Amino acid sequence: MRPPKRPIQSVTAWVRRQPPKVKAFLAVITGMAVLIILRAIVNDHDNLFVAAEAVHSVGISVLIYKLMKEKTCAGISLKSQELTAIFLAVRLYCSFVMEYDIHTVLDLATLATTLWVIYMIRFKLKSSYMEDKDNFLLYYVEILADLVSAEVFTVHLLKEILMLVQLAPCAVLALGIHPTTSHHLINRIFWAFCVYLEAVSVLPQLRVMQNTKIVEPFTAHYVFALGVARFLSCAHWVLQVFDSRGHLLVALGYGLWPSMVLISEIVQTFILADFCYYYIESVFGGQLVLRLPSGVV
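Labelled according to an unreviewed UniProt entry, the protein appears under the name ER lumen protein retaining receptor, originating from Salvia splendens. Turning to the protein, the UniProt record has this under Subcellular location (unreviewed entry): "Endoplasmic reticulum membrane".

Rendered as structure tokens:
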């Protein structure tokens, strides 16, 4: 006789059977419920942003532990780490010249550890780096190479163009849509650039997981920590806007910028929502290795 299922297993099994639209609806309802709970128990909503940065730091620490213990960087996207380092460096500069508070300290610590991860992947553990799987946007760059001249585009040049393809849209968007506060124009553009880049910096990591379909525990913990951090950051902005009755949007400036901040935060959250669902399902199912079905991330 089979033992009765635990309530969480029954709920997980029921959710798994639902169509994608129902799952998306349930995810939205769950997110709203969590926002209501956070609003009730967190007095200073700025603490949510601090918590988001702290969780990101914890995620990077898990990644460092993986690199030191297993001596392999398999499954980790170098491109995501480099994009993360870029937006953290820009945000750190903005924090120095515009705020200089606890966020500055947290960003500095996260940037230092991210640079260490990049160093380990590029030099110490280069032999285990899955470069063929870390191919976000490479397909489109290769098409461009074929159209122009296959001889002109070396492998190194392809990589450089790939990085520019990822950075250019964020830079162009920042030039057109940025804060209208009293800060210097360059600082406002940098602020917008790091917000936009942060929103898409995890895409190469998701591409690696999409290619491998199997995510080992430490990498899964790291990406889940990113998902939690993005949700807390999104919750911070949403609750701040709600509690200030829209006055925060006015303080951020006029035009499209206030809306773009919220959209960027929401995009970051939804990009990782699918993965976080399968991560939680895997944890409750007692699986050490996360296996992603086709079409995820």
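There is more to say, and it comes next.
1. Digging into the overall build of the protein
Of regular secondary structure, the protein possesses 12 helices and two strands. In sequence order, the protein lays out its α and β elements as α-α-α-α-α-α-α-α-α-β-α-α-α-β. Going through the 297 residues of the protein one by one, you find that 45% of them count as buried. Look at the contacts in the protein between residues 6 or more apart in sequence, and 76% of them connect residues 24 or more apart. A total accessible area of about 16,100 Å² is found for the protein, and carbon and sulfur atoms account for 68% of it.

2. Some words on a nonpolar patch on the surface
On the surface, Phe25, Val28, Ile29, Met32, Ile266 and Phe270 cluster together into a nonpolar patch covering about 580 Å² of accessible area. Where the nonpolar patch is concerned, the elements lending two or more residues are α2 (20-41) and α12 (257-284). The dominant element in the nonpolar patch, judged by the number of residues it contributes, is α2, at four residues. Secondary-structure assignment places phenylalanine 25 in helix α2. Classification of phenylalanine 25 by relative accessible area gives exposed; the value is 53%.

3. Let's talk about the packing of helix α3 (residues 46-70) against helix α10 (residues 217-243)
For the pair α3 and α10, the least separation of the axes is 8 Å and the interaxial angle reads 170°. Judged by the inter-axis angle, α3 sits roughly antiparallel to α10. Split into classes, the residues belonging to the contact of α3 with α10 amount to 19 nonpolar, seven polar and four charged.

About the criteria used
Residues numbered from 1 in each chain as written. Predicted model: local features only at pLDDT ≥ 70, side-chain atom pairs only at ≥ 80, totals over all residues. Heavy atoms only, no water. UniProt positions renumbered as here; feature names shortened; annotations may be inferred. Helix = DSSP H or I, 4+ residues; strand = E, 2+ residues; numbered from the N terminus. Buried < 20%, exposed > 50% of the residue type's maximum accessible area, 1.4 Å probe, protein only. Contact = heavy atoms within 4.5 Å. Areas by Shrake-Rupley, 256 points an atom, 1.4 Å probe, with all protein chains shown as cover. Patch = residues over 30% accessible without salt bridge, like charges linked within 9 Å, V, L, I, M, F, W, Y side chains within 5 Å. Salt bridge = Lys/Arg side-chain N within 4 Å of Asp/Glu carboxyl O. Axes fitted to C-alpha atoms, helices over the stretch in contact; angles between N-to-C directions. Parallel < 35°, antiparallel > 145°, perpendicular 65-115°, else oblique. Nonpolar A, V, L, I, M, F, W, Y, C, P; charged D, E, K, R; others polar.

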